[in-house]
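One-letter residues, chain by chain:
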Amino acid sequence: MAEAVPAPEVLIADTDPWTADLLEQLVLDVRCDAVVIRVADGQAAMARCKRRLPELVIADSELPGVDGLELLRQLRRHPRTPALPFILISGRLDASSVRAAKPLAPSAYLAKPFNAEALRKRLASLLLADGEELLCPIRPLLVNRLEDYLDAMREEGQGAPLLASVRDSVSQYLNSSEPSLRELEQVFARDPQITACLIAAANSAAHHNGSPCQTLAQALPRLGVARTLNLVLGLSVQRNARLSDPRLAERGVRTWVAAQRSAEVAHWLASELSLDAELCYTAGLLHNIGELALLRCMQDWQDAGGSLSDAQIDQAIGQRAAGFGSALRIRWRLPFGLRELVAAYYSLNSGVFSREALVLNLAGQVLTLEQTQRPSEQLRDARCVRLLRIDPGLLDRLPVQASAA
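Here the structure is a predicted model, which is why all the values come from computation and not from measurement. (Residues numbered from 1 in each chain as written. Predicted model: local features only at pLDDT ≥ 70, side-chain atom pairs only at ≥ 80, totals over all residues. Heavy atoms only, no water.)

Draft legend 1. Spatial organisation of the sheet that holds strand β5 (residues 108–111). Taken in spatial order, the five strands of this open sheet run β2-β1-β3-β4-β5, and their pairing is parallel. Two strands close off the open sheet at either side, each with one partner strand: β2 (35–39) and β5. On average, adjacent strands in this sheet sit at an angle of 15 degrees to one another, irrespective of strand direction. With five bridges joining them, strand β1 (residues 9–13) and β2 adopt parallel strand pairing. Within β2, the position partnered with I12 by the bridge is R38. Here helix α1 (residues 17–30) sits on the sheet in contact with β1, β2, β3 (56–60) and β4 (86–90), set at roughly 165 degrees to β2. (Pairing = 2+ DSSP bridges. Helix = DSSP H or I, 4+ residues; strand = E, 2+ residues; numbered from the N terminus. Axes fitted to C-alpha atoms, helices over the stretch in contact; angles between N-to-C directions. Contact = heavy atoms within 4.5 Å.)

Below you can see the structure in the form of structure tokens.
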């Protein structure tokens, strides 16, 4: 076996946090021991290189201040960095732009949106020796109590794991002809993590244009097919995107089913009332993403050697799921209106509510009903029913619950 290459330091320079996340995931998928440094402008990238040279630089050409091409030019002029591996990602494919970069010999010149799978192969050629295979150890726990670990991960966690059927669909699309945006929407609209991430990415500074996106149908045209697949690939290659503990996996499936059922109920109610059904569907789908994110963090805790009892799982879900969800939606900067609808699923405070918020609150109550009585009998006096001024009998026509995915 070839001698192992020391753990490399990789510098990623990109203003868009979602692109930077994707690049980091691709690097770590190739070299799980890599030390990834992220900066958002060319001056910071140059300063970092002067302090300590990385083994690889990945830079966007449109960096503020010193752009990616100028960063490459300065590094090539420096006597210590004439052959430093450098991947340049550019939105410019005109002949003059390509000619300007060619004499500087970048390791790769990638067009936006780049092909993530092709980039992963290029990274392997740059970061791995021929025939090298890595067995990365699990990072040791820095705390001794599950409670302390979850306190830290509430602000730093990566969100929910992915539904197994969605992971399979990602692999299928990457190895087939380019799908349409409609096909992607049909597959990804069932997964809370992908829906939330794509909406957040479409609202980032790199893509913001006009009013914020609040649904997957609004986000996908802004991102396009290639970038959508890249972002989803970045989610699917995360090493902890699966729940391997049977107890956590079983709870995860129940939570996914509940998310999809709440989305369906909210969509149906909004459609019956001639409201924004897609927005209500999205809010219903995202209402319990905090529980999924919490399950993923508990899987990480166990993978790193922490013990996890059934009582601890139940206690954490009961006490921490709502906080995880709120922190995640804020950190991803999901539109405030969408966050308000998710909050309405659980309760209505004093104030003025949109009719969509009342629909979400009604959906939340519908899904907690006893099955021994008709919904109209149990919800006749509910505040949301009165404010919506709907015939309680409408609730008895709710569609039958869909089967589990």
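Draft legend 2. Main features of the side chain of R31. Here R31 lies in the loop between α1 and β2. Taking the relative accessible area as the measure of exposure, R31 reaches 0% and is therefore buried. (Buried < 20%, exposed > 50% of the residue type's maximum accessible area, 1.4 Å probe, protein only.)

Draft legend 3. Highlighting the pattern of salt bridges. A complete count under the given rule lists 22 salt bridges for this structure. Note that D29 and R120 form a salt bridge whose closest N and O atoms lie 2.5 Å from each other. Of the two residues, D29 sits in helix α1 while R120 sits in helix α5 (residues 116–127), which places them 91 residues apart along the sequence. One salt bridge in this structure joins E62 and K112, with 2.8 Å as the shortest N-O distance. Here the residue E62 occupies a position in the loop between β3 and α3 (68–77), and K112 occupies one in the loop between β5 and α5, the gap between them amounting to 50 residues. (Salt bridge = Lys/Arg side-chain N within 4 Å of Asp/Glu carboxyl O.)

Draft legend 4. Up close: the nonpolar core. With 89 residues, the main nonpolar core has L150, F188, L198, L269, M298, W332 and L362 as its most contacted residues. Ranked by residues supplied to this core, first place goes to helix α12 (residues 246–272) with nine residues. Beyond its immediate sequence surroundings of up to four residues, M298 is in contact with L150, L248, L308, I313, A316 and I317. By size, the runner-up hydrophobic cluster in this structure holds 24 residues, among which are A108, F114, L123 and V237. (Core = buried A, V, L, I, M, F, W, Y, C linked by side-chain atoms within 4.5 Å.)

Draft legend 5. Summary view of the packing of helix α6 (residues 146–156) against helix α14 (residues 289–303). Contact geometry of α6 with α14 gives a least axis separation of 10 Å together with a crossing angle of 130 degrees. When the axes of α6 and α14 are compared, the pair comes out oblique. The handedness of the crossing between α6 and α14 is right-handed. Of the residues in α14, those touching α6 at L146, Y149, L150 and M153 are L294, C297, M298, D300 and W301. Classifying every residue of the contact of α6 with α14 gives eight nonpolar, no polar and one charged. (Parallel < 35°, antiparallel > 145°, perpendicular 65-115°, else oblique. Left-handed = near helix turned anticlockwise from the far one by under 90°. Nonpolar A, V, L, I, M, F, W, Y, C, P; charged D, E, K, R; others polar.)

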